Amino acid sequence: MRTLPLSLVVLIAAVACRGSEPAATSRDTGGTLVISTAADADVLLPPLTITLQGAEITDQIFERLAQPDSTLNTIGDRGYQPELADRWTWAADSLSIAFHIRPDARWHDGAPVTARDVRFTFELYRNPQTASPSASLITDIDSVTVADTATAVFWFSRRFPEQFFEATYQMRILPEHLMRDIKPSELGASQFARHPIGSGPFRFARWDQGTAIELVADTTRTSGRARLNRVIWSVAPDYNTAVTRLLAGDADLLELLFAPQIAEVSKHPELKLVRYPSLQYGFLAFNLRDPEHPSRPHPLFGDRALRRALAMAVDRQSGVRNVFDTVGLVALGPQVRAILGADTVFAQIPYDPAAARAALDSLGWRDANGDGVRERAGRPLRFSIIVPSSSGVRRQWAVLLQDMMKQVGAQVSVEEMEFNTFVQRQQSGRFDAVLGAWILDPSESTIRQQWSAAASRMRGGVNYGSYESAAFDALVDSAAQQMDPERARPYWRRAYETLIADAPAVFLYEIVNVAGMHERIHPVGLRADAWWANLADWYIPAADRIPRDNLPLSASAQ
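The shown structure was predicted, so the numbers you read here are calculated from the model rather than taken from an experiment.

### Observations regarding the nonpolar core
Ranked by size, the top nonpolar core spans 97 residues in total, and within it Leu-284, Phe-324, Phe-383 and Trp-397 carry the most contacts. In contact with Trp-397, not counting residues within four places along its chain, are Arg-316, Gly-319, Val-320, Val-323, Phe-324, Leu-435, Leu-508 and Tyr-509. Core analysis: the next-biggest nonpolar cluster, separate from the first, contains 70 residues, Ile-138, Met-171, Val-231 and Trp-538 among them.

### Notes on the pattern of salt bridges
Any two side chains of opposite charge can pair, so long as their charged atoms come close to each other. All told, the structure shown has 26 salt bridges when counted by the stated rule. Between Arg-230 and Glu-214 there is a salt bridge, with its nearest N and O atoms 3.2 Å apart. Of this pair, Arg-230 sits in strand 10 (residues 230–235) while Glu-214 sits in strand 9 (residues 212–217), placing them 16 residues apart in sequence. Side by side, Arg-230 and Glu-214 carry an identical accessibility label, which is buried. Salt bridges here are not isolated pairs; linked through shared partners, they connect Glu-63, Arg-102, Asp-104 and Arg-221.

### Considerations on the layout of surface pockets
The calculated volume of the largest pocket comes to roughly 890 Å³. The wall of the largest pocket is formed by 40 residues, among which Val-423, Gln-427, Ser-428, Gly-460 and Tyr-464 lie closest to the centre. Of all elements in the fold, only helix 13 (419–428) and helix 15 (453–457) reach the threshold of two or more residues within the lining of the largest pocket. Tallied by class, residues from the lining of the largest pocket come to 16 nonpolar, 17 polar and seven charged.

### Some thoughts on the confidence of the model for the chain
Chain-level pLDDT for the chain is 92 on average; 94% of the residues reach the 70-or-more range. Note on residues 1–20: pLDDT under 50 across the span, and 33 contacts to partners over four residues away in sequence or across chains.

### Considering the sheet that holds strand 14 (residues 328–330)
Read across the open sheet, the six strands follow the order 14-20-13-19-17-18; overall the sheet is mixed. Two strands lie at the open edges of the sheet, namely strand 14 and strand 18 (411–417), each paired on one side alone. In this sheet, adjacent strand axes meet at a mean angle of 25° when their direction is disregarded. Where strand 17 (residues 382–388) lies against strand 19 (residues 433–439), two bridges are found, and the strand directions are parallel. Bridge pairing in strand 19 links Ile-385 to Ala-433. Sitting on the sheet, helix 9 (residues 316–324) touches strand 14 and strand 20 (505–511), and the angle it makes with strand 20 is about 40°. The sheet contacts of helix 13 involve strand 17, strand 18 and strand 19, and relative to strand 17 the element is tilted by about 130°.

### Observations concerning the pairing of strand 17
Within strand 17, six of the seven residues are buried, leaving the element largely enclosed by the surrounding structure. Where strand 17 meets strand 18, seven bridges bridge the pair, whose relative direction is parallel. Within strand 18, the residue paired with Ser-384 across the bridge is Ser-413. In this fold, the crossover linking strand 17 to strand 18 by way of helix 12 (residues 392–406) has right-handed handedness.

Thresholds applied
- Residues numbered from 1 in each chain as written.
- Predicted model: local features only at pLDDT ≥ 70, side-chain atom pairs only at ≥ 80, totals over all residues.
- Heavy atoms only, no water.
- Core = buried A, V, L, I, M, F, W, Y, C linked by side-chain atoms within 4.5 Å.
- Buried < 20%, exposed > 50% of the residue type's maximum accessible area, 1.4 Å probe, protein only.
- Contact = heavy atoms within 4.5 Å.
- Salt bridge = Lys/Arg side-chain N within 4 Å of Asp/Glu carboxyl O.
- Helix = DSSP H or I, 4+ residues; strand = E, 2+ residues; numbered from the N terminus.
- 1 Å grid on protein atoms, 1.4 Å probe; cavity = no way out; pocket = protein on both sides within 12 Å on 5 of 7 lines; lining within 4 Å.
- Points joined across faces, edges and corners; volume = space filled by probe spheres on them.
- Nonpolar A, V, L, I, M, F, W, Y, C, P; charged D, E, K, R; others polar.
- pLDDT = per-residue confidence, 0-100.
- Pairing = 2+ DSSP bridges.
- Axes fitted to C-alpha atoms, helices over the stretch in contact; angles between N-to-C directions.
- Right-handed = clockwise from strand over helix to strand, strands pointing away.

The structure is reproduced here in structure tokens:
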């Protein structure tokens, strides 16, 4: 692969090697952070949100029982920090964990947080009518009971290494007294989903759809208020406009830059490049179900052999080089290097256009009329790829894939659409293929959320392509049950290779995260799974404040 200009390599390396940020002082409480983004949130309710922007915002409003540290350990409770719970106790047989809610925990309306809220949250996530994408990740929890007002007990169906992770990571606690009268099937359209009330360090202030979302610090919080007064997500119509806002000083942060933008940001002395770890990958997913008749296989992609032939037409290495230069990596599969560690060699479907053409010939797909498009039984080898217009990366990949498929006789059209429309098309199954991107949880077992048969059949599941494999599911289950990570490795390897070989998707790239940020912003605790996890600890020194930092808070947040 080509290398970045030396000046950019030096800049990124210098930022990556910086020591920890200097400690903030009492004078460093205040100020406004403006985040430039090219897409709006989908919904502001943790059980339902699937967009990056929705997660960034709801994670400031709502809290987990406990929060992992930067090691993102998923085995046992090592490294977890109290959040809503101030302590927890394991049962002697390890089949239950009792969480004690901190006595000062309050909802933003002043009501106390109780163990009933924890039980309500679990039951809401698990309810099929809620259609939460996270429901498939908490199936090993049998129930949550209320021991007393401040103590919620999680009961498990079996012992397994990630019991604590499953109980804490996948759910943010919700207020029963404000949500119990909302039908689970109507949560997404409820007023609460647009004006949420949580217990986190920031309160919801306003959502001007397509324009901005504003949060303000909860100044009544006794467990420690956020250092920033306010955070605003400034929604741009496209990525280039989002970049322009950063360069013009209208925004303080853009979370992801690519080679051209890195070069541009480096010309601005008031801006800095910040590299941080990534759990994100991108992929071309095929819909294995007919969009018009979901009970039937897709007329093209229901055929495993055809999917494999088309996968052989994709030159992933040249695609990564063209789109990312050296701020991207060729994907290994449905998992990223940061989680896999040294286990990164899996059997792949090779890039081999000649073999792809031969395979298509053998399947009966031939160009009988010489128009460059293969046909079989009167059906042309033609399909569309849906892409969000807000993602310059995926739009570039779509054009590259269109040309790669053309080389083997497949005609591809690209449908660009507004992001929320893109999400709706995926959820409804109305697509042939989709260019998707996913930020993984730190556990390998969360692969179930996107590729298991349960997630395919579950209302609200995010296995949009409807891939189902009993062999894959059995391997994942076997891996997740191993108490010894070394014994789990062969099962994980075989699960990944089974998925890759079945080709429900072509795994394209991993992101190397480089953010553009104003020098006045001091970030703290950028985590691989969520750069925003410690946003309440970010600060702006008093000497570096600018006029917008002193504007009055939104009236709705006073």
